[in-house]
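What follows is the residue order along each chain.
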Amino acid sequence: MKNSGQFQKGSIPWNKNPVLKSCLACEKTFYVSQSRNNDGRGKFCCFYCKKNYKYKLAQEFVLNKGLAELIGIIIGDGCISKVYDRDDYRIQISGNPIEDKEYYDSYLPSLISSFLGIKTKPYLGQNGAYIIQFQSEPFRIFLHKLGIISPKAKIVSIPQIIKKDQDLLLACIKGIADSDFTLIFKARKKGGLHYYPRICAQFASKNLVQDLEQELRALGFTLNCKYDYLRIDPRGFNYITNFINLDGPHNLERWFTLIGFSNSRILTRYYVWKKYGYLEPKSTIVERKRLLG
Ligand SMILES: [Zn+2]
C-alpha cells in the first residue's frame, strides 16, 4: 500500500521525523515535531513542567560570594516589582547617574553577567536615577526564599543563610555598602580640616540596621546607631529613619582589610583623604578625580 505506516499508532502523519527530547523539568523523554524543535520550542513534556521549571532553576542557585554581594546590592538599591498586566517581575537596581556611573557602567553589569549570566546595560530613568533592570524568575524566586520580597524598604534584612557564613556575610555587607553607604570626613573642631573618617548610612529598614549593627560588632567594629529617628525634610516630607555610623581611622582601616569597597563614588573619597589628609564636604566625583590627577 502506498501510505502504509502513515496512520500507525503514535505517529501523526503531518509530524514527520519527530525528535526524541528529554523534558528540561522532569527529564522524562517525549517526542516533538521537527518544526517545534527547530523553533526552540518543545523543551517540556507538558504544561505543568513548563510552568514549574523556574522553581527547579531557583533551587539550583548555589550561594557564593558573588551572589551574596549582588544580594547585598539588591538589599541596598534594588527594587522587585511586578510588570504591569503580566505575571513577570523585574528587578531594578538604581543609583546616582553621576556618582555611581562607573560602578553601574562596569562593575555591576559584570557581576550580574558572571553570576546570573544576564547581560545588562544601565539607562537614565525618568526620575533621574541611573537604572539597571533585568528579569529572572528563577533568581526572583531564589531571593523570595531568602526573604527578600517587595516592597522591601521598611522590612528588609540580611538573610539568615548569609549571616551564618562569614565569607558570604562580608560580601553581602560590601554590596550593601557600595550601594547605600558613604564615607565622609568630619572636622573635630569648628573651622578645622575635615579629616576624621566616618563610614555611614541611613535606612528605612530598622531590621537591616539592627542586623548590620550586630554583625559588624561581631566583626570587631565600633558603631553608633540611631533608631526611629524622625527626619524633618525641608520640603515637608518628614520620615522615620535609622542611622548607622562607624567613626575613626581604626574602623576605616578594618573595613578595608575585611570588606572593602568597589564603588568609585566611595573609593575616590578614600583616595583623596589618603593623598591630602582631608576631604571637604559636598565634593562631587568629578572634583575628587581632578584632585587625584
Ligand atoms: Zn516534564
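Residues numbered from 1 in each chain as written. Predicted model: local features only at pLDDT ≥ 70, side-chain atom pairs only at ≥ 80, totals over all residues.

1. Focus: the nonpolar core
Generally speaking, a soluble globular protein has its nonpolar side chains buried in company with each other.
Thought 1: One finds Ile-71, Ile-74 and Cys-172 to be the most contacted residues of the largest nonpolar core, which totals 50 residues.
Thought 2: When residues in this core are grouped by element, the largest group, eight residues, is from helix 7 (residues 166–180).
Thought 3: Those residues within four positions of Cys-172 in sequence are excluded, and the remaining contacts are Ala-68, Glu-69, Ile-71, Gly-72, Ile-158 and Ile-162. (Core = buried A, V, L, I, M, F, W, Y, C linked by C-beta atoms within 7 Å. Buried ≥ 20, exposed ≤ 12 C-beta atoms within 10 Å, placed from the backbone. Helix = DSSP H or I, 4+ residues; strand = E, 2+ residues; numbered from the N terminus. Contact = placed C-beta atoms within 7 Å.)

2. Here's the deal with the pairing of strand 4 (residues 89–95)
Thought 1: Judged from the five bridges that link them, strand 3 (residues 78–82) and strand 4 form a sheet pairing that is antiparallel. Of the residues in strand 4, the one forming a bridge with Ile-80 is Ile-91.
Thought 2: Linking strand 3 to strand 4, which pair antiparallel, is a turn of six residues; within it Asp-85 sits at a positive phi near 70°.
Thought 3: By the bridge criterion, five bridges tie strand 4 to strand 6 (residues 130–134) in an arrangement that is antiparallel. Residue pairing for strand 6: Ile-93 is matched across the bridge by Ile-132. (Pairing = 2+ DSSP bridges.)

3. Considerations on the environment of Gln-59
Thought 1: The residue Gln-59 is located in helix 2 (residues 47–59) in this model.
Thought 2: The sequence separation of Gln-59 and Ser-179 amounts to 120 residues, and the corresponding C-alpha distance is 27 Å.

4. Observations concerning the sheet that holds strand 8 (residues 196–203)
Thought 1: Spatial ordering of the open sheet is given by 7-8-10-9, a layout of four strands whose pairing is antiparallel. Since the sheet does not close on itself, it has two edges, and those belong to strand 7 (182–186) and strand 9 (224–231), each with one partner. Looking at each pair of strands side by side, their axes are set apart by 30° on average, direction ignored.
Thought 2: Bridging between strand 7 and strand 8 involves five bridges; their strand directions are antiparallel. Across the sheet, residue Ile-184 finds its bridge partner in strand 8, namely Arg-198.
Thought 3: Helix 9 (residues 248–258) contacts strand 8 and strand 10 (239–247) of the sheet and is inclined by roughly 70° relative to strand 8.
Thought 4: Across the sheet, helix 10 (residues 264–276) is in contact with strand 7 and strand 8; its angle to strand 7 comes to roughly 30°. (Axes fitted to C-alpha atoms, helices over the stretch in contact; angles between N-to-C directions.)

5. Some details on the domain arrangement of the protein chain
Thought 1: Domain assignment breaks the protein chain into domain 1 (19–59) and domain 2 (65–292).
Thought 2: Taken together, the contact pairs four residues of domain 1 with four residues of domain 2.
Thought 3: Per-class residue counts for the side of domain 1 that touches domain 2 are three nonpolar, no polar and one charged. (Domains from an automatic or database assignment. Nonpolar A, V, L, I, M, F, W, Y, C, P; charged D, E, K, R; others polar.)

6. Topic: the packing of helix 3 (residues 65–77) against helix 4 (residues 101–116)
Thought 1: Packing of helix 3 against helix 4 leaves a shortest axis separation of 10 Å and a crossing angle of 130°. By the angle between their axes, helix 3 is oblique relative to helix 4. Between helix 3 and helix 4 the crossing geometry is left-handed. The segment helix 3 lies against helix 4, with Gly-66, Leu-67, Glu-69, Leu-70 and Ile-73 engaging Leu-108, Leu-111, Ile-112, Ser-114 and Phe-115.
Thought 2: In the contact of helix 3 with helix 4, the residues fall into seven nonpolar, two polar and one charged. (Parallel < 35°, antiparallel > 145°, perpendicular 65-115°, else oblique. Left-handed = near helix turned anticlockwise from the far one by under 90°.)

7. Here we look at the packing of helix 3 against helix 7
Thought 1: Orientation of helix 3 relative to helix 7, taken along the N-to-C sense of each, is 35°, at an axis distance of 7 Å. In the crossing of helix 3 with helix 7, the sense of the turn from one axis to the other is right-handed. On helix 7, the residues that touch Lys-65, Ala-68, Glu-69, Leu-70, Ile-71, Gly-72, Ile-73, Ile-75, Gly-76 and Asp-77 of helix 3 are Asp-167, Leu-168, Ala-171, Cys-172, Ile-173, Lys-174, Gly-175, Ile-176, Asp-178, Ser-179 and Asp-180.
Thought 2: Taken together, the residues of the contact of helix 3 with helix 7 break down into ten nonpolar, four polar and seven charged.

8. Some thoughts on the sheet that holds strand 6
Thought 1: One open sheet accounts for four strands, arranged 3-4-6-5; its pairing is antiparallel. Looking along the sheet, the strands with just one partner apiece sit at the ends: strand 3 and strand 5 (123–124).
Thought 2: Those strands touched by helix 4 are strand 4 and strand 6, and its axis lies near 15° from that of strand 6.

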